[in-house]
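# Analysis of the macromolecular model
Each chain, letter by letter, is given below.
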Amino acid sequence: MKIRRLPENLINQIAAGEVVERPASALKELIENSIDAKATQIDIVLDNGGKNLISVSDNGIGIDKDHITLAIERHATSKLPNNDLNRIDFLGFRGEALPSIAAVSELTIQTKSESSTEAWALDVTAGNFENIYPSPRQQGTIISVKNLFYATPARLKFLKSSNVERSFCHQIVLKLALVNPVVGFRLQADGRELINLKSEHKTDPDDLYLSRIRKVMGSNFADEAIKIKNSRPIKNKGFAKINGFIGLPTLNKSNYSHQFLFINGRSIQDRNLSGAIRAAYGDTLPKGRFPIFCLYIDVPSEFIDVNVHPGKTEVRFEDNALIRSLIVGSISRELNVSYSQTTNEISKEAIQRFNTYNNLETKAPPTTLFSNNIEPSVRSINEPYKTIEQLEKDNSFDFPLGVALAQFSKNYIISRNSDGIVIVDQHAAHERLVLEKMKAARENKSIEKQILLLPEVINLDPIPLAMILDHIELMSEIGFVIEPFGEGMIVVREIPALLGDSDIKQIIVDLGDDLSSAGLPSSYLAKVDLILGNIACHRSVRSGRILNENEMNQLLREMERTPNSGQCNHGRPTSIRLSLKDIEKLFNRT
Ligand code: ADP
Ligand code: MG
């Protein structure tokens, strides 16, 4: 076989595979070009989630007549003035975006350069173009991309529904808006205005960003956010600075989707850094929950390499550890300041209790072992409701999960079987039971629905909203009757009867977040299982509840009957057993 050079257009189509994955990535490149062109107002129009049309119009410096065709030429850029990849001061530098997009779509540029009185236009179809021609444009540049990927049908097939693609685009605009507060952004999609953010004019930089953050991330976050401001010298190279805001631990989410990290003006996705930030919160956050933040890191441009990822969403630092410790150190310091008071009080209280306990012991033994935590409806270990002999006689101890002795901390059932002691995590067990029941009911098409007397109206972020709206039918098969309800909202009218006592709002919000970060498998059954699992495994299904003896024993018997009840849907155990032997070991008796 002969080796030959590929035609230019094919090269561009191949590059398009890396640079533009979907409408949102093309949109990101176009907006970044407008920002590089010093625009202060950017107007975006989308049709069909960007699949049919993406148009970005700006009031930036425009392109000179002689350079218009260069703009769509590969590796042609106006942004590396010194040919120095170590000093990248613009968002663009590869000269790849426009030629790649143009190779797989119908692209039109209309532009008026600042230094000229005339405006010009150029049409490119699947990479081919003729001459430029005069345009009526008054200022700046408008680039419109029609029928993205029509020239590469394989890619077209992988796009999601228009709703989902639209919400990816929405998310990109919000991200870029967070890091460019002086730029006004308007987004119109399929005839609806989704974003209209006016250019911010505050003089104090913190106020400037906070004002934009408030509009994008909501007042809930902005009102209580903790400010982060810190810097650290880099040898001979100036400073690494961190600015921004982090959410209180109480304002947490089920995944990374409310975390915004910008490095030198670029939105960056870095699991390691977000993991480090999660770690800085330590156990102030419940397990499996993620903090909300919007942080801006600025370092001298020669300190980072942004030429790592075609979409430019990753960077490498010359000194990773320094950045990590700057971020984590600054966050833990601020969290400590705001929490030292509360934690102080908690430890004082604990010491206090310990003292009273000791005092009690010297006077008279406490009446019950867990007197602070055991609810009055449940007898304590010291006062069994049947004598052990009685229980042994009716063989109750033969149940694998034994007979309930007490409930502890509203969430643990302590029971005794013939072998020793069993501790059951009531949440986890209940989650598993709900899941198995829902699965069985769905298989028999007998999911019982319960009409909500007060339908629950829920506000959702764009991507979770689109994910849920896209699966309305599937949700209804599981028992949720959901309808769209005005801008950014849904209304839940019916729910699976099994979830009667849960926090529906939290379940739906978490489900939307989980689906948008993890996506859904393609097979219908796998989808259903995944959604059911997510719903059942949420702590919101049932918060700690006081159970009486009967209810506890019922739960234990039900667990014994239910398949897979040994662990909750995400693999946490639902019970642990301590045999007499284990206990003797603990007391060094063996
Ligand atoms: P890069 O941004 O990496 O330079 P692009 O392919 O995105 O590569 O753009 C090529 C060139 O086209 C840019 O360097 C810039 O000079 C010009 N250009 C693109 N979009 C705009 C715009 N909105 N306003 C002014 N110039 C633009
Ligand atoms: Mg560019």
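Just above sits the structure.
Residues numbered from 1 in each chain as written. Chains lettered and ligands numbered in written order. Predicted model: local features only at pLDDT ≥ 70, side-chain atom pairs only at ≥ 80, totals over all residues. Heavy atoms only, no water.

### A short note on a nonpolar patch on the surface
On the surface, a cluster of nonpolar side chains totalling about 240 Å² of accessible area is made up of L6, L10 and I14. Residue placement: L6 occurs in the segment before α1 (8–19). (Patch = residues over 30% accessible without salt bridge, like charges linked within 9 Å, V, L, I, M, F, W, Y side chains within 5 Å. Areas by Shrake-Rupley, 256 points an atom, 1.4 Å probe, with all protein chains shown as cover. Salt bridge = Lys/Arg side-chain N within 4 Å of Asp/Glu carboxyl O. Helix = DSSP H or I, 4+ residues; strand = E, 2+ residues; numbered from the N terminus.)

### Some words on the sheet that holds strand β23 (residues 575–579)
Strand pairing in a sheet is mediated by backbone hydrogen bonds. Such pairs are either parallel or antiparallel. In spatial order, the strands read β17-β18-β19-β23; together these 4 strands make up an open sheet with antiparallel pairing. Each edge of the open sheet is held by one strand with a lone partner, namely β17 (403–408) and β23. Looking at each pair of strands side by side, their axes are set apart by 20 degrees on average, direction ignored. Two elements, strand β19 (residues 420–425) and β23, share 5 bridges in a ladder whose sense is antiparallel. Across the sheet, the residue bridging to G420 is S579, located in β23. Relative to the sheet, helix α12 (residues 426–443) contacts β17, β18 (412–416) and β19, its axis offset from that of β19 by approximately 65 degrees. Across the sheet, helix α17 (residues 549–561) touches β17, β18 and β19, and the angle it forms with β17 is around 115 degrees. (Pairing = 2+ DSSP bridges. Axes fitted to C-alpha atoms, helices over the stretch in contact; angles between N-to-C directions. Contact = heavy atoms within 4.5 Å.)

### Observations concerning the environment of I413
Relative to the helices and strands, I413 resides in strand β18. Linking I413 and M552, residues 139 residues apart in sequence, is a C-alpha distance of 7.0 Å. If we skip the residues at most four places from it in the chain, I413 touches A404, A406, V422, I423, V424, Q426, L547, M552, L555 and L556.

### Brief notes about the pairing of strand β14 (residues 293–298)
In summary, the side chains of a regular strand alternate between the two faces of the sheet. Burial runs high along β14: 5 of the 6 residues are buried. Pairing of strand β11 (residues 238–246) with β14 involves 6 bridges; the strand directions are antiparallel. Its bridge partner being in β14, K241 is matched across the sheet by D298. (Buried < 20%, exposed > 50% of the residue type's maximum accessible area, 1.4 Å probe, protein only.)

### Considering the site of ligand 1
Residues in close proximity to ligand 1 total 20 residues, the closest being N33, T77, S78, K79 and G95. One of the side-chain N or O atoms of T77 is found 2.5 Å from an oxygen atom in ligand 1. About the coverage of ligand 1: the protein hides 93% of its 530 Å² of free accessible area. Counting only elements with at least two residues in the shell around ligand 1, the list comes to α2 (23–36) and α4 (97–103). In terms of residues, the shell around ligand 1 owes the most to one element, α4, which gives 3 residues. Among the residues forming the shell around ligand 1, the class breakdown is 8 nonpolar, 8 polar and 4 charged. (Near = heavy atom within 4 Å. Polar contact = N/O pair within 3.5 Å; in protein donor to acceptor, adjacent residues only side chain to side chain. Nonpolar A, V, L, I, M, F, W, Y, C, P; charged D, E, K, R; others polar.)

### Focus: the sheet that holds strand β21 (residues 481–484)
The antiparallel open sheet is built from 3 strands, whose spatial order is β20-β22-β21. Only two strands of the sheet have a single partner each, and these edge strands are β20 (449–459) and β21. For this sheet, the mean angle separating the axes of adjacent strands, direction not counted, is 15 degrees. Alignment of β20 against strand β22 (residues 489–496), held across 7 bridges, turns out to be antiparallel. Within β22, the position partnered with I451 by the bridge is E494.

### A short note on the pattern of salt bridges
Inspection of every chain in the model, using the stated rule, returns 21 salt bridges. Note that K28 is salt-bridged to E32, the shortest N-O span being 3.3 Å. Here E32 and K28 lie together in helix α2, a separation of 4 residues that amounts to about one turn. Residues joined in a network through salt bridges with shared partners are E21, R22 and E165.

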